[in-house]
Every structure is written in C-alpha cells, then in structure tokens.
Amino acid sequence: MAFASGFRRVLSGGSSTASSFLRGRFVPVRENSTLTIPKLFVSGLSRLTTDEKLKEAFSPFGQLLEAKVITDRASGRSKGFGFVRYATIEEAEKAKEGMNAKFLDGWVIFVDPAKPREPKPPPQQEPEPSETGFRTNKTIGWCG
C-alpha cells in the first residue's frame, strides 16, 4: 500500500527529485511521435473503465467522435486498452498531451497515436485427403 502511494506521488509530481527523474527519463519516450490521424490508442485502462467513462475523460479536449474500450468476446470484460477519435489532429494532440500518464479509474493510462490496422493473412486451405481417405498431420514433434 505504501508503495502504491509513493508511486502515485512520483507520478503526480509530489517528490521533486523523483518527479524530475521520471519526466527526464521516461515521458519523452512516449511523447516523441507525431500524429498523422486523429485517432489515439489508450493503454493501461482499468477493467472497470467503460466507453462512457473514457468519453467523459477525453471530451474536455475537443469534439470526440468515438470512444471505445476493447472487450473480450467471451467474457465481455475490458482488455485494458481502447481508442478515442477526434474531429481534428490538433484536438487529438491536445488530448495526448493532457491525458498521457494520468490516472483514470485508479490506473495510470498512456496515450499514443493509433497505428493503422494490419490486414489479416488469408485463411489456410484444408489439405486434400489422400487415396486412403486420411489427411496428413503436419505437426512436428511428439504429442502424447
């Protein structure tokens, strides 16, 4: 518990030497990328964070078009990350600067530019059965 309060104090700037160390070493690593699209990737979200809470936290920075927390299909729980999309790149830049390394629902969140989605590889073809009616198992190694 004491560790968590000390960690929170370091991130909020309560300790001047630790805070300057943190800003000098770690924050520029996440601040050196420039935005090309008005969509942001938000990581470190609590499992309790909802779309509405995310929208409420990011709405002061401009016209928010979308706020989405990514959830697991099977359980419906948050996966711990989400996306927010603004009308302009300038608003997204303000939100990135204003919300990066801040607390949301008790967790420190990180805001980075969203990367375009990579295309999925085409599905694999099913192997043709041999003359005997059996398919060849391509697994390498011992199973059993």
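One can find the structure itself at the top, above this paragraph.
Residues numbered from 1 in each chain as written. Predicted model: local features only at pLDDT ≥ 70, side-chain atom pairs only at ≥ 80, totals over all residues. Heavy atoms only, no water.

A. Region of interest: the nonpolar core. Counting 19 residues, the largest nonpolar core has Leu40, Leu54, Phe58, Val84 and Tyr86 as its most contacted members. Going through the elements one at a time, β1 (39–43), α4 (51–58), β2 (64–71), β3 (78–86), α5 (89–99) and β5 (107–113) are the ones with two or more residues in this core. Apart from the residues lying within four places of it in its own chain, the contact partners of Tyr86 are Pro38, Leu40, Phe58, Phe61, Gly62, Gln63, Leu64, Leu65, Glu91, Ala92 and Ala95. (Core = buried A, V, L, I, M, F, W, Y, C linked by side-chain atoms within 4.5 Å. Buried < 20%, exposed > 50% of the residue type's maximum accessible area, 1.4 Å probe, protein only. Helix = DSSP H or I, 4+ residues; strand = E, 2+ residues; numbered from the N terminus. Contact = heavy atoms within 4.5 Å.)

B. Here's a closer look at the pairing of β3. Where β1 lies against β3, five bridges are found, and the strand directions are antiparallel. Within β3, the position partnered with Leu40 by the bridge is Val84. Note: β2 against β3, six bridges, orientation antiparallel. Looking at β3, one finds that Lys68 is bridged to Phe83. Counting the residues that bridge the hairpin from β2 to β3 gives six residues, and of these Gly76 lies at a positive phi of roughly 80°. (Pairing = 2+ DSSP bridges.)

C. Examining the layout of surface pockets more closely. In this model, the second largest pocket occupies a volume close to 210 Å³. Partitioned by chemical class, the residues of the lining of the second largest pocket number five nonpolar, no polar and five charged. (1 Å grid on protein atoms, 1.4 Å probe; cavity = no way out; pocket = protein on both sides within 12 Å on 5 of 7 lines; lining within 4 Å. Points joined across faces, edges and corners; volume = space filled by probe spheres on them. Nonpolar A, V, L, I, M, F, W, Y, C, P; charged D, E, K, R; others polar.)

D. Highlighting the packing of aromatic side chains. Under the definition given, this model contains three aromatic pairs. Their ring planes at 40° and their centres at 5.7 Å tell us that Phe41 and Phe81 sit as a pair that is tilted. In this pair, Phe41 sits in strand β1 while Phe81 sits in strand β3, placing the two residues 40 residues apart along the sequence. A relative accessible area of 26% means that Phe81 is categorised as partly exposed. (Phe/Tyr/Trp six-rings, centres within 6.5 Å; stacked < 30°, edge-to-face > 60°.)

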